[in-house]
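Structural features, examined
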Protein chains: 2
Amino acid sequence: MLRTHTCGELRLENENEEVTLTGWIQRSRDLGGMTFVDLRDRYGITQLVFDVNTDRKLAEKARKMGREFVIQVKGKVAERSNKNQNISTGDIEILADSLTILNKSKVPPFTIEDETDGGEELRMKYRYLDLRRQVNQDSIVLRHQMSIETKKYLNDLDFVEIETPYLIKSTPEGARDFVVPSRLNKGAFYALPQSPQTFKQLLMISGYDKYFQLVKCFRDEDFRSDRQPEFTQIDCEMSFVEQDDVLQNFEGLAKHLFKQIKNIDVDDFPRMSYEEAIRLYGSDKPDLRFGMQFVELNDVARGKGFKVFDNAELVVGINAEGCAGYTRKQLDGLTDFVTKPQIGAKGLVYLKYNEDGSFKSSVDKFFSQEDLKAWVDKFEAKPGDLMLILAGDVGTTRTALSELRLEMGNQLGLRDPKVFRGLWVVDFPLLEWDEETKRYQAMHHPFTSPKDEDIHLLEESPEKVRANAYDMVINGVEIGGGSIRIHDRELQDKMFSVLGFSKEEAQQQFGFLLEAFDYGAPPHGGIAFGFDRWVALFAGRESIRDVIAFPKNNAGRDIMIDSPSTISEEQLKELNIQIRKDEKQE
Amino acid sequence: MLRTHTCGELRLENENEEVTLTGWIQRSRDLGGMTFVDLRDRYGITQLVFDVNTDRKLAEKARKMGREFVIQVKGKVAERSNKNQNISTGDIEILADSLTILNKSKVPPFTIEDETDGGEELRMKYRYLDLRRQVNQDSIVLRHQMSIETKKYLNDLDFVEIETPYLIKSTPEGARDFVVPSRLNKGAFYALPQSPQTFKQLLMISGYDKYFQLVKCFRDEDFRSDRQPEFTQIDCEMSFVEQDDVLQNFEGLAKHLFKQIKNIDVDDFPRMSYEEAIRLYGSDKPDLRFGMQFVELNDVARGKGFKVFDNAELVVGINAEGCAGYTRKQLDGLTDFVTKPQIGAKGLVYLKYNEDGSFKSSVDKFFSQEDLKAWVDKFEAKPGDLMLILAGDVGTTRTALSELRLEMGNQLGLRDPKVFRGLWVVDFPLLEWDEETKRYQAMHHPFTSPKDEDIHLLEESPEKVRANAYDMVINGVEIGGGSIRIHDRELQDKMFSVLGFSKEEAQQQFGFLLEAFDYGAPPHGGIAFGFDRWVALFAGRESIRDVIAFPKNNAGRDIMIDSPSTISEEQLKELNIQIRKDEKQE
């Protein structure tokens with residue numbers, strides 16, 4: 001090694017040792033005859049001292065080095081006179097007696113600091129410099145630790161990591177596939193996996209009993225801020241299990257990660273039915289760091305002559321405790337918030353329960369104080385509380401109120417990123433109606449098992465069938481989801497038929513899985529976690545892009561390497577494809 | 001769980017416990033009123049007993065079950081009268097008192113046994129059944145354990161696993177890329193990585209110091225028996241290292257795996273220069289489980305009038321100790337072996353050093369006994385030895401003799417798969433001349449650093465430049481290889497120029513890396529291991545296909561899922577590509 005120690009390891013115990021360090025120059029300060037240099041590597045920062053009185057030539061060489069130069073320094077460890085309590089090596093410094101410049105550096109296009117002056121585009125182009133910033137190094141190392149701990153936990157429970165193929169087969173079900181033209185099989189294509197779903201089911205049929213994999217998955221979607229064309233899943237499957245076994249096992253994984261990574265003992269995760277989550281929080285991924293549950297007011301708010309309520313399918317509100325003092329301006333702000341197009345409410349009704357026991361609402365002319373008292377009772381509100389009420393059709397109103405609830409959580413500081421509240425949302429509907437294609441689609445995927453007690457509804461009332469499907473939600477983020485799978489050939493055939501597959505289509509796309517069911521498929525189920533999201537949550541970062549070493553931008557481009565890019569005519573020819581003429585791009 | 005125990009865990013201590021097991025029926029035997037069933041899961045096999053005298057209905061139900069049925073059985077653990085020492089549960093059996101058939105099975109198309117009656121094609125089609133065979137389960141679990149132990153070792157040394165992208169940029173250098181058409185960037189393509197080489201170098205420039213990744217890589221090659229279009233690497237890189245540091249670190253990994261996985265303490269790996277390996281073994285991946293080093297005979301074998309030798313660039317042989325008794329037929333067999341087209345020797349000369357001290361060779365008429373004595377001295381042969389000699393141009397002759405050496409190793413039982421001998425081959429040439437393109441190509445890759453002392457030869461005698469490159473070889477298999485990289489912009493520019501890149505080409509393909517060198521690139525180097533090969537070596541399996549859960553066949557097809565396959569016209573249109581008309585396939 002070109003060093004004897006890292007920049008993070010020297011302490012007062014090492015005083016007087018002759019050491020060699022390597023690293024990057026974080027900053028340097030000239031103070032009269034002394035030059036102080038902060039030398040940085042992944043492990044920390046150590047202060048170097050070059051003294052013009054000891055070695056003039058050396059000190060002058062040191063003085064000429066710029067930020068981000070890579071150097072090797074030899075010197076003696078000395079106690080610092082003014083210690084720095086903020087860094088682990090803050091008690092010592094190195095009195096340099098030799099200096100080798102291993103590589104120079106141009107002036108970086110932005111500062112290598114947590115609070116950098118570089119904009120996002122610039123930092124993406126120079127991602128290798130952006131990755132030098134401490135905040136990013138912390139996220140990348142955290143990601144590694146979470147990966148290691150995940151594997152440790154699952155390995156200890158006899159899970160086997162098995163790699164499934166990346167060059168698989170395109171299926172029209174689900175999101176859009178990325179495809180790969182085959183050179184040796186002309187006119188044919190592989191597809192990159194959206195998930196290893198069918199392979200992990202086959203592994204259960206093969207008897208592997210407990211499988212997991214940290215695996216890249218691919219979806220060719222129109223990009224949104226928290227989506228990437230390639231992302232990482234913790235993909236898991238177990239045999240001979242019922243739903244509760246899966247939840248226990250993976251709640252255990254979550255607790256293990258909280259304990260090992262963040263040293264937090266989390267409570268057991270409550271289980272909430274999908275129906276209840278929607279009714280009480282307007283969302284299938286409720287943020288349980290705060291209450292503010294929905295209160296439905298249909299029976300007390302309608303029939304009093306206020307048309308907006310009378311014509312509404314649902315009148316529903318939340319109680320913002322202690323907010324009766326909200327000003328006109330603040331309330332207008334909330335109205336603006338809920339009526340934004342992306343939220344979509346028509347308006348906001350408020351009810352203040354004043355400290356003096358009186359009520360004040362935006363709809364006083366329609367409702368008596370007794371009427372309002374009935375609302376307050378429903379909310380179980382106390383003097384000083386502010387109730388915020390929306391009305392309209394059930395779906396839109398709940399969704400809008402859910403957004404308002406989160407906004408109030410933000411305004412009231414109830415969404416502390418250092419506090420974590422998890423839950424399981426269970427009993428998802430098996431199917432959802434798709435207006436566009438006029439047919440049912442699987443809410444999870446076509447291999448999800450309906451609940452035994454609902455199977456009889458499958459043909460007559462498919463929309464009423466609940467699935468053995470579950471999501472793990474932490475702080476309002478869907479961290480993972482899964483289901484007990486169908487393992488019976490007949491039921492799977494029926495499921496495909498309900499989804500509008502012809503026998504031939506089912507056979508052509510999933511024939512190998514259907515056939516596998518004929519050879520002794522065990523009962524099985526599993527789950528997949530969005531690893532990027534989980535890391536972002538633990539790292540306290542906003543976007544999954546912040547916890548991916550080399551992410552793509554919102555257009556799916558890697559602007560550092562300039563990809564995707566054109567390929568040669570020769571390559572196209574070998575692959576037996578060509579660019580469509582009318583849109584050919586140079 | 002649908003079980004209380006696995007099929008591998010019950011012992012005599014569990015006697016009289018009421019247990020529930022689940023699994024597959026491996027076989028069943030009817031003996032009078034008793035039906036014995038071997039129930040199998042990943043963990044083992046447990047014997048079940050159904051007694052017609054205890055429960056006639058149950059026993060009859062059991063009797064009707066076929067191989068590979070999936071069942072759940074409750075019963076009491078009892079001591080067996082005739083114990084089976086071959087299995088861990090052989091002391092006990094389960095007296096069944098209830099039986100649930102969880103799933104039926106058709107008769108499998110081949111037997112689920114280590115020695116199966118299924119041919120390769122059939123087993124590939126039903127890979128999920130093939131994977132049930134114990135020999136395959138063992139390989140897949142071994143692979144998992146090697147992965148876990150690799151990560152443990154590297155994590156303990158502060159290596160960070162960092163995921164690099166799969167959707168990257170196509171470069172004409174090296175093997176053929178698989179490409180992925182971009183829908184959002186019309187006419188443009190991503191490429192799948194042949195290795196994360198440039199990304200891991202960028203991570204060093206980013207200061208991550210020690211990186212590793214178990215990662216899929218992709219090469220669109222014409223398939224050979226031990227190649228797969230997708231394969232797994234243990235990819236590693238370190239900063240501030242010299243060659244010896246990398247060798248030490250990863251020899252440590254090999255020793256760790258040998259100890260943890262196979263409980264073998266291996267010797268230190270000798271280091272052998274490429275030149276020496278080629279001279280003594282005719283191969284840059286010599287199998288050191290046995291000696292039989294090459295002995296060159298030019299000075300004693302030429303000039304005696306035997307034209308074949310006189311015209312040969314090289315006369316070289318090996319000594320097969322104790323084989324002087326080889327029969328005419330055996331010797332003819334060896335001649336046939338070396339003259340096969342794929343070996344390519346013109347003929348084989350032998351020299352027997354008989355037990356009585358006399359010599360007998362196939363070229364006796366050209367050489368006196370004294371001449372032959374000089375050969376024997378070169379070989380340091382003893383009475384009873386057989387010397388096998390080839391002649392011709394240097395390259396072909398060494399390669400052919402290398403094959404003959406391995407063949408003799410096989411014949412003499414010197415290549416025991418349970419014995420392991422590793423070494424490092426070092427000092428590879430930096431470049432090799434490519435006759436086809438009439439230019440130099442990088443032997444390793446264009447980022448490999450030449451040896452400091454050879455840099456001055458780079459322009460005038462590029463073929464003489466040695467690289468800081470190394471391979472780890474175990475039992476004649478190249479397990480991994482790597483190099484110290486260039487970290488200096490100027491040297492990298494020069495390297496591209498020696499390789500015949502124009503400035504523009506270098507910039508277009510690797511501009512991001514060249515630019516990164518300008519911002520403080522540390523000295524760095526690394527290695528990548530072929531994980532599939534390493535697992536196959538440890539598992540004692542012939543092909544890497546045997547240790548991949550879902551491999552492709554020699555034509556790059558997954559015949560189980562029937563991939564690659566055609567995609568819809570709609571998909572092609574969205575991707576802005578079309579199949580070339582003249583070769584369109586339905």
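Residues numbered from 1 in each chain as written. Chains lettered and ligands numbered in written order. Predicted model: local features only at pLDDT ≥ 70, side-chain atom pairs only at ≥ 80, totals over all residues. Heavy atoms only, no water.

1. Description of the overall build of chain A
Secondary structure summary: chain A contains 16 helices and 23 strands in total. Along the first, second and third principal axes, the C-alpha atoms of chain A reach 90 × 80 × 55 Å. Taken over 586 residues, chain A has a buried fraction of 60%. In chain A, once contacts between residues fewer than 6 apart in sequence are set aside, the share between residues at least 24 apart is 66%. Accessible area for chain A stands at about 24200 Å²; split by element, carbon and sulfur atoms hold 45% of it. Between the averaged position of the 79 positive side-chain charges in chain A and that of its 100 negative side-chain charges there is a distance of 6 Å. (Helix = DSSP H or I, 4+ residues; strand = E, 2+ residues; numbered from the N terminus. Buried < 20%, exposed > 50% of the residue type's maximum accessible area, 1.4 Å probe, protein only. Contact = heavy atoms within 4.5 Å. Areas by Shrake-Rupley, 256 points an atom, 1.4 Å probe, with all protein chains shown as cover. Lys, Arg positive; Asp, Glu negative; His and termini not counted. Charge placed at Lys NZ, Arg CZ, Asp CG, Glu CD.)

2. Things to note about helix α7 (residues 274-281) of chain B
Residues three or four positions apart in an α-helix share a direction because the helix packs 3.6 residues into each turn. All names here are of chain B. Of the positions making up α7, those classed as buried are Y274, A277, I278, L280 and Y281. Where α7 is buried, its residues meet β11 (271-273), α12 (394-411) and β17 (422-426). Just downstream of α7 lies G282, where phi reads positive at about 65°.

3. Describing the interface of chain B and chain A
Interface extent is often summarised as the accessible area lost during association of the parts. Across the contact, 128 residues belong to chain B and 128 residues belong to chain A. Contact between chain B and chain A buries roughly 11600 Å² in total, counting both sides, with carbon and sulfur atoms accounting for 56%. Ranking the residues of chain B by area buried against chain A places B:F240, B:Y519 and B:R580 at the top, with a combined share of 8%. Our enumeration of links across chain B and chain A arrives at 14 salt bridges. The salt bridge involving B:E569 is made with A:R580; its shortest N-O contact spans 2.9 Å. Linking chain B with chain A are 81 residue pairs in polar contact (both at pLDDT 80 or more). Ranked by residues supplied to the side of chain B that touches chain A, first place goes to helix α4 (residues 134-156) of chain B with 10 residues. Of the residues contributing to the side of chain B that touches chain A, the split by class is 63 nonpolar, 28 polar and 37 charged. One ladder, built from 3 bridges, connects strand β23 (residues 577-579) of chain A with strand β23 (residues 577-579) of chain B; its direction is antiparallel. (Buried area = accessible area lost by both parts, 1.4 Å probe. Salt bridge = Lys/Arg side-chain N within 4 Å of Asp/Glu carboxyl O. Polar contact = N/O pair within 3.5 Å; in protein donor to acceptor, adjacent residues only side chain to side chain. Nonpolar A, V, L, I, M, F, W, Y, C, P; charged D, E, K, R; others polar. Pairing = 2+ DSSP bridges.)

4. Concerning the relation of the copies chain B and chain A
Note that the two copies of the chain are related through a rotation about an axis and a translation along the same axis. Mapping chain B onto chain A is achieved by rotating through 180° and translating by 0.0 Å along the same axis, at an RMSD of 0.1 Å. Such values leave the two copies arranged in the relation of a two-fold axis. (Least-squares fit on C-alpha atoms with pLDDT ≥ 70 in both.)

5. A few points about the side chain of B:D38
Residues and elements named next belong to chain B. Position of D38 relative to the elements: it lies in strand β2 (residues 34-41). A distance of 2.8 Å separates a polar atom in the side chain of D38 from a polar atom in the side chain of R27. Excluding residues that lie within four positions of it along the chain, D38 makes contacts with W24, I25, Q26, R27, R29, I45, T46 and Q47.

6. As for the sheet that holds strand β3 (residues 44-51) of chain A
Residues and elements named next belong to chain A. Within the closed barrel, the 5 strands sit side by side as β1-β2-β3-β5-β4. Their pairing is mixed. Strand-to-strand twist across the sheet, computed as the mean angle between neighbouring axes with direction ignored, equals 55°. Against the sheet, helix α1 (residues 56-63) makes contact with β1 (18-31), β2 (34-41), β3 and β5 (92-103), and its axis sits at roughly 65° relative to β5, the strand it touches most. (Axes fitted to C-alpha atoms, helices over the stretch in contact; angles between N-to-C directions.)

7. A closer look at the domain arrangement of chain A
Taken domain by domain, chain A consists of domain 1 (12-103) and domain 2 (290-411). Each of domain 1 of chain A and domain 2 of chain A has a C-alpha centre, and the two are 62 Å apart. (Domains from an automatic or database assignment.)

8. Comments concerning the packing of helix α5 (residues 197-205) of chain B against helix α14 (residues 503-517) of chain B
All names here are of chain B. Axis separation between α5 and α14 bottoms out at 10 Å; the angle between their running directions is 20°. When the axis of α5 is compared with that of α14, the two are roughly parallel. Classified by chirality, the crossing of α14 by α5 is left-handed. Touching T198, Q201, L202 and I205 of α5 are F510, F512, L513, A516 and F517, all from α14. (Parallel < 35°, antiparallel > 145°, perpendicular 65-115°, else oblique. Left-handed = near helix turned anticlockwise from the far one by under 90°.)

9. Let's talk about the pattern of salt bridges
One pass over the full model with this rule turns up 104 salt bridges over all chains. Measuring nitrogen to oxygen at the nearest pair gives 2.6 Å for the salt bridge that ties B:E79 to B:K83. Looking at B:E79, the relative accessible area reads 38%, which means it is partly exposed. On the basis of relative accessibility, which here comes to 33%, the residue B:K83 falls in the partly exposed class. Overlapping salt bridges, with partners in common, bring together A:R27, A:R29, A:D38 and A:E113 in one network.

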